[in-house]
Amino acid sequence: SQKLALAHENKKPTISFEFFPPKTAQGVQNLYDRMDRMHDLGPAFIDITWGAGGRHSQLTCEMVNAAQSHYGLETCMHLTCTDMERTQVDEALRLAYKAGCTNILALRGDPPRDQEKWEAKDAGFRYAKDLVRYIRARYGNHFDIGVAGYPEGCDDHRDVDLLVEHLKEKVDAGASFVVTQMFYDVDIFLGWVQKCRDRGIHVPIIPGIMPISTYAAFMRRANWTKCHVPPEWYEALEPVKNDDAAVRDIGKVLIAQMCRRILDAGILHLHFYTMNLAQATRMILEELALTPETSGRRLEKPLPWRQSLGF
Ligand code: FAD
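Residues numbered from 1 in each chain as written. Predicted model: local features only at pLDDT ≥ 70, side-chain atom pairs only at ≥ 80, totals over all residues.

A. Just the overall build of the protein chain, in detail. Scanning the protein chain from terminus to terminus reveals twelve helices and nine strands. Counting only residues that meet the buried cut, the protein chain has 43% of its 311 residues in that class. Looking at the protein chain alone, contacts between residues at least 24 apart form 81% of all its contacts between residues at least 6 apart. (Helix = DSSP H or I, 4+ residues; strand = E, 2+ residues; numbered from the N terminus. Buried ≥ 20, exposed ≤ 12 C-beta atoms within 10 Å, placed from the backbone. Contact = placed C-beta atoms within 7 Å.)

B. Inspection of the packing of helix α10 (residues 244–264) against helix α11 (residues 279–287) at higher detail. Put simply, α10 and α11 touch, their axes get as near as 9 Å, and they point 55° apart. Relative to α11, the element α10 lies oblique. Both α10 and α11 take part in a crossing whose hand is right-handed. Contacts between α10 and α11 involve Arg248, Lys252, Val253, Ile255, Ala256 and Cys259 from the first element and Ala280, Met283, Ile284 and Glu287 from the second. Residue composition of the contact of α10 with α11, by class: seven nonpolar, no polar and three charged. (Axes fitted to C-alpha atoms, helices over the stretch in contact; angles between N-to-C directions. Parallel < 35°, antiparallel > 145°, perpendicular 65-115°, else oblique. Left-handed = near helix turned anticlockwise from the far one by under 90°. Nonpolar A, V, L, I, M, F, W, Y, C, P; charged D, E, K, R; others polar.)

C. Local environment of the nonpolar core. Within the largest apolar cluster, 85 residues are counted, with the highest numbers of intra-cluster contacts made by Leu79, Ile104, Ala106, Leu131, Val132 and Ile135. For this core, the leading source of residues is α10, giving six residues. Those residues in contact with Ile104, other than ones at most four positions away along the chain, are Cys76, Met77, Leu79, Ala96, Ile135, Phe143 and Ile145. (Core = buried A, V, L, I, M, F, W, Y, C linked by C-beta atoms within 7 Å.)

D. Quick peek at the environment of Ile205. One can find Ile205 in strand β7 (residues 205–206). Once the C-alpha coordinates of Ile205 and Leu268 are considered, the two residues, 63 residues apart in sequence, prove to be 9.8 Å apart. Not counting the four nearest positions on each side in its chain, Ile205 is found in contact with Gly149, Val178, Thr180, Val193, Cys196 and Ile267.

E. Up close: the pairing of strand β2 (residues 45–48). Burial of the side chains of β2 extends over both faces: Phe45 and Asp47 are buried on one face and Ile46 and Ile48 on the other. Bridging between strand β1 (residues 14–19) and β2 involves four bridges; their strand directions are parallel. Bridge assignment links Glu18 to a residue of β2, and that residue is Asp47. For the segment spanning β1, helix α2 (residues 25–38) and β2, crossover handedness is right-handed. (Pairing = 2+ DSSP bridges. Right-handed = clockwise from strand over helix to strand, strands pointing away.)

F. Local environment of the site of the ligand. Residues in contact with the ligand amount to 24 residues; listed here are only the nearest, Thr49, His78, Arg108, Ala128 and Asp156. Those elements that provide at least two residues to the shell around the ligand are β3 (75–80), β4 (103–107) and α6 (160–172). Among the elements that line the shell around the ligand, the one with the most residues is α6, at four residues. (Near = placed C-beta within 6 Å.)

G. Focus on the confidence of the model for the protein chain. For the protein chain, mean pLDDT is 88; residues scoring 70 or higher make up 87% of the total. Low pLDDT, under 50, characterises residues 298–311; the stretch is placed with 41 contacts to residues that sit more than four places away or in other chains. Listed scores for the predicted complex are pTM 0.92 and ipTM 0.99. (pLDDT = per-residue confidence, 0-100.)

Structure representation (structure tokens):
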């Protein structure tokens, strides 16, 4: 962790990748191969998401174990309290602990697909902050605990100020870092970070970066998260919307410019929503000269990063 802190002191950026558990056994094997290859890009850590309602939860735990123990990747396990019995939460934490995982992203969770509205299964876990408190009470400082942040509002609330208050509650409950929802407007993100700082949220804030793979996916994700897309992004992408390679190329430049502004603002960690694919993320890192080949970053085993993102 000291080495990572040193990297940031020397203004050296760090990166991380998010993956989700695939639906088939073949998909899992393919993902392991991809994780192995993406290891070469030198992520400080990787995330494995948690299926709503604990679907695929066993697979999440297995993947955390494989990534941590077999692939030598510092891993952060997502954990939700949507539709989860306390025994399931306990078991997931036990398995993460046993695998040597020391990072949990504590979430309330989306409603399961067949349920429109979210319902707490166990009165003990209504909000993510309850899960944060629970993990702290049971495991002390063993886990670094992250929570989700929403620079442009979320499904329940579009009121960003109110959400910052709720984020503060999560941090006060014991969260030690924040990962944001994806966004495409860097001014909105940077303004929101300032708002968080002004509200007394001083833990590291990690921007969630969504690469652009196809025009359809870009539009779908923008609509789904209701994030603001700068008009010039539409102007650049719309004319080539049927040409996936051109979309990826232009998208790479747009996202890299956004990342550059984040790094220039002194936020030195970028978290990529890989969607289990390597190419679009790799292209952005190449554009930013952040691959080990282009940056002179030494290829080494990812380092523990606990409490080290001191930006
Ligand atoms: P919370 O922070 O608990 O907030 C939930 C709602 O309650 C918000 O509207 C909040 O404002 C409100 N609230 C909080 N405190 C109070 C209070 N005191 N009074 C009144 N209202 C309050 N989902 C998955 O299922 N699996 C994943 O792996 C996953 N990973 C994610 C990773 C990231 C980086 C992000 C941004 C989201 C992820 N999600 C995941 C989605 C997330 O579970 C949903 O967005 C969910 O709807 C909210 O979760 P939360 O942890 O932000 O909830």
